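Residue-level structural notes
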Amino acid sequence: MEISFQHTNSLAGHESTLLHVSTRDDDTYSYLIDAGESVSSTAFLDTDAELDGVFLTHAHTDHYASLSQILSTASDTQLYTSPGTATMFEDVYTEADRYQDLGDVIHITEALTPIILGHPSMMVCLSSRCLQGTR
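Residues numbered from 1 in each chain as written. Predicted model: local features only at pLDDT ≥ 70, side-chain atom pairs only at ≥ 80, totals over all residues. Heavy atoms only, no water.

1. Notes on the sheet that holds strand E4 (residues 53–55)
Taken together, 6 strands build an open sheet; the order of strands is E1-E2-E3-E4-E5-E6 and the sheet is mixed. If you trace the sheet from one side to the other, it starts and ends with strand E1 (2–7) and strand E6 (112–114), each paired once. In this sheet, adjacent strand axes meet at a mean angle of 25° when their direction is disregarded. Examined bridge by bridge, E4 and strand E5 (residues 78–81) share 3 bridges and lie parallel to one another. Residue Phe55 lies in a different strand from E5, and its bridge partner there is Tyr80. (Pairing = 2+ DSSP bridges. Helix = DSSP H or I, 4+ residues; strand = E, 2+ residues; numbered from the N terminus. Axes fitted to C-alpha atoms, helices over the stretch in contact; angles between N-to-C directions.)

What follows is the structure, given as structure tokens:
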């Protein structure tokens, strides 16, 4: 397995990172860790590539400001976050949208998939849950 990464909003805060995961079978997966301000999937994915998932680390606006725009163009993409963040996210997002025009919350709630991360790192989650059939 080979993992590479790139910052996706280097001009706006560096809180969003794209992971490219290549398996031994030459399958490639792309996961976005947070979707902060000014993140555009067309800017960081090749034309024929798709976004396989988005991980939301926590519900601060600088980590989800571009989320609605990204998920509206990638309808099959799942949004993974902790159960606690998933429970409160729609309310938090709706309130923030009143002040920042973040976009429609429907794309986010449709993609929302709570996962329990516990103590393992994000890489353990990627390899054990997401890459074994939960795409």
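2. A look at the pattern of salt bridges
Counted by the stated rule, this structure contains 1 salt bridge. With a shortest N-O distance of 2.9 Å, Arg98 and Glu95 are connected by a salt bridge. Note that Arg98 and Glu95 are positioned in helix H3 (residues 83–100) at a spacing of 3 residues, about one turn of the helix. (Salt bridge = Lys/Arg side-chain N within 4 Å of Asp/Glu carboxyl O.)

3. Describing the nonpolar core
Judged by nonpolar contacts, the single largest core of 23 residues is most densely connected at Leu32, Leu51, Tyr64, Leu67, Leu79, Phe89 and Ile108. Taken together, the elements giving at least two residues each to this core come down to helix H2 (67–73), H3 and helix H4 (106–111). Of all hydrophobic cores here, the second largest spans 8 residues; its members include Leu19, Tyr29, Phe55 and Tyr80. (Core = buried A, V, L, I, M, F, W, Y, C linked by side-chain atoms within 4.5 Å. Buried < 20%, exposed > 50% of the residue type's maximum accessible area, 1.4 Å probe, protein only.)

4. Here's the deal with the side chain of His63
The residue His63 is located in the loop between E4 and H2 in this model. On the accessibility criterion, His63 (11% relative accessible area) is buried.

5. So, the pairing of strand E2 (residues 17–22)
The buried fraction of E2 amounts to 5 of the 6 residues, a majority that puts the element mostly inside the structure. Of the pairings in the sheet, the one linking E1 to E2 comprises 6 bridges and is antiparallel in character. By the bridge assignment, His7 is partnered in E2 with Thr17. Summarising the sheet, E2 and strand E3 (residues 28–33) pair through 6 bridges and their orientation is antiparallel. The partner of Leu19 across the bridge, within E3, is Tyr31. Connecting E2 to the next strand, E3, in antiparallel fashion are 5 residues, including Asp26 with a positive phi near 65°.

6. Quick notes on the packing of aromatic side chains
Going through the model one piece at a time under the given rule, you end up with 5 aromatic pairs. With 4.9 Å between their ring centres and 85° between their planes, Tyr64 and Phe89 make a pair best called edge-to-face. A residue pair is termed long-range when its members are at least 10 positions apart, and Tyr64 in the loop between E4 and H2 and Phe89 in helix H3 qualify at 25 residues. The pair Tyr64 / Phe89 is uniform in exposure class, with both members buried. Measuring from centroid to centroid gives 5.6 Å for Tyr64 and Tyr93, while their planes differ by 45°, and the two rings are tilted. Here Tyr64, found in the loop between E4 and H2, pairs with Tyr93, found in helix H3; they are 29 residues apart in sequence, far enough to count as distant. We note that Tyr64, like Tyr93, is buried. (Phe/Tyr/Trp six-rings, centres within 6.5 Å; stacked < 30°, edge-to-face > 60°.)

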